[in-house]
Amino acid sequence: MDYKSAGVDIEAGYRSVELIKDYVKATGRPEVLGGLGGFSGAFSLKGIKDMEDPVLLSGTDGVGTKIKLAFIMDKHDTIGIDCVAMCVNDVACAGGEPLYFLDYIACGKNYPEKIAQIVKGVADGCKMAGAALIGGETAEHPGLMPEDEYDLAGFAVGVADRKDIIDGSTIRPGDTLIGIASSGVHSNGFSLVRKIFRMDEKSLSRYYDELGCSLGDALLTPTIIYVKALKSVKDAGVRIKGCSHITGGGFYENIPRMLPDGTSAKINKASYPVPAIFSLMQQEGKVEEKMMYNTYNMGLGMVLATDPSDADATVSAIDAAGEKAYIIGEVISGDKNVELYGA
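Asks: So what's going on with the environment of D209? Residues and values would help.
Replies: Positionally, D209 belongs in the loop between β8 (207-208) and β9 (213-214). Classification of D209 as exposed rests on a relative accessible area of 66%. Separated by 125 residues in sequence, D209 and G334 have C-alpha atoms that sit 42 Å apart.

Asks: I'd like a description of the sheet that holds strand β3 (residues 54-62), backed by residues and values.
Replies: The strand order across the open sheet built from four strands is β3-β6-β4-β5, with neighbouring strands paired in mixed fashion. Two strands bound the open sheet, and with one partner strand each, they are β3 and β5 (132-140). Direction aside, neighbouring strands of the sheet carry axes that sit 15 degrees apart on average. Relative to β5, strand β4 (residues 97-107) runs parallel, the two sharing eight bridges.

Asks: Explain the nonpolar core to me, and be specific about the residues and the numbers.
Replies: L219, F251, I277 and M281 are the most contacted members of the largest nonpolar core, which has 96 residues in total. If one sorts the elements of this core by residue count, helix α3 (residues 79-93) sits on top with 10 residues. When sequence neighbours within four positions are dropped, the list of residues in contact with L219 reads K66, L69, V185, F190, V193, F197, L204 and I277. The next biggest cluster of nonpolar side chains, apart from the first, holds six residues, and it includes I48, L99, I134 and V159.

What counts as what
- Residues numbered from 1 in each chain as written.
- Predicted model: local features only at pLDDT ≥ 70, side-chain atom pairs only at ≥ 80, totals over all residues.
- Heavy atoms only, no water.
- Helix = DSSP H or I, 4+ residues; strand = E, 2+ residues; numbered from the N terminus.
- Buried < 20%, exposed > 50% of the residue type's maximum accessible area, 1.4 Å probe, protein only.
- Pairing = 2+ DSSP bridges.
- Axes fitted to C-alpha atoms, helices over the stretch in contact; angles between N-to-C directions.
- Core = buried A, V, L, I, M, F, W, Y, C linked by side-chain atoms within 4.5 Å.
- Contact = heavy atoms within 4.5 Å.

As structure tokens, this is what we get:
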């Protein structure tokens, strides 16, 4: 009797590490100390010593049941981007610069090439965010998980000078709301997605003219990482008053999280284009419109609040960073609600 006969292949673990080394190395920052294989990841904080009052920010998340689509489509090189995005977007939303990231993969059986593809996606996401991938763990769970399945979660750490933290405290009625376009469903609400559509290879391979691709490709499109767009706004000299990352809970749960007492958000649904995937989902699943806005990002992955005088500069800075922004509404007096109007 040995460990391999019990279901854990140590040699496969060694092979996985060899396959991911180059991906991890490509995310390196000067602050990273040591290399892959240590018992902990080391990151020097010397670079933040000039901040007046440095504050560490952290975020942890997974990709939820979106991962089931990766199993069906046997496509594992983008799900890691989603994992990074879900973590670093939360850090950036508070005004932080992501510094480093760690991932955790639990699998029924370690297939080194599959693990390498997952980590490649994580590394790609880290490069988009400017964060170093300084460590992680791949855990084999025979008997607990099916051999061909895995789960993925991550953890990000960032930093901000206290004076630059975005906390919504200065938001006032009359401030402008700006939305940054999403790439589609991102990584939330997939339990409902999987009820709307049949989750099999035939259904996911079906091409839709309105999507311009197959259903599976549309749904598996990675979450946008907004770190560079928010940094571009800061570099343009604009002070973002509030920022909401539109994840699970859609507009109704997430936008109020940035609002101070005595304010609400008024948003014109016709102020930006809603991606076709949401119309298709609503139609196929016969989902009420309010439920759509209460579950999904509906085409906006981030919503910002700025002074009206900064609105145009904010939109320009986001566009310059390669994302698309829209003026979508304003802050009004209220009880931290979201009021939607328009077509």
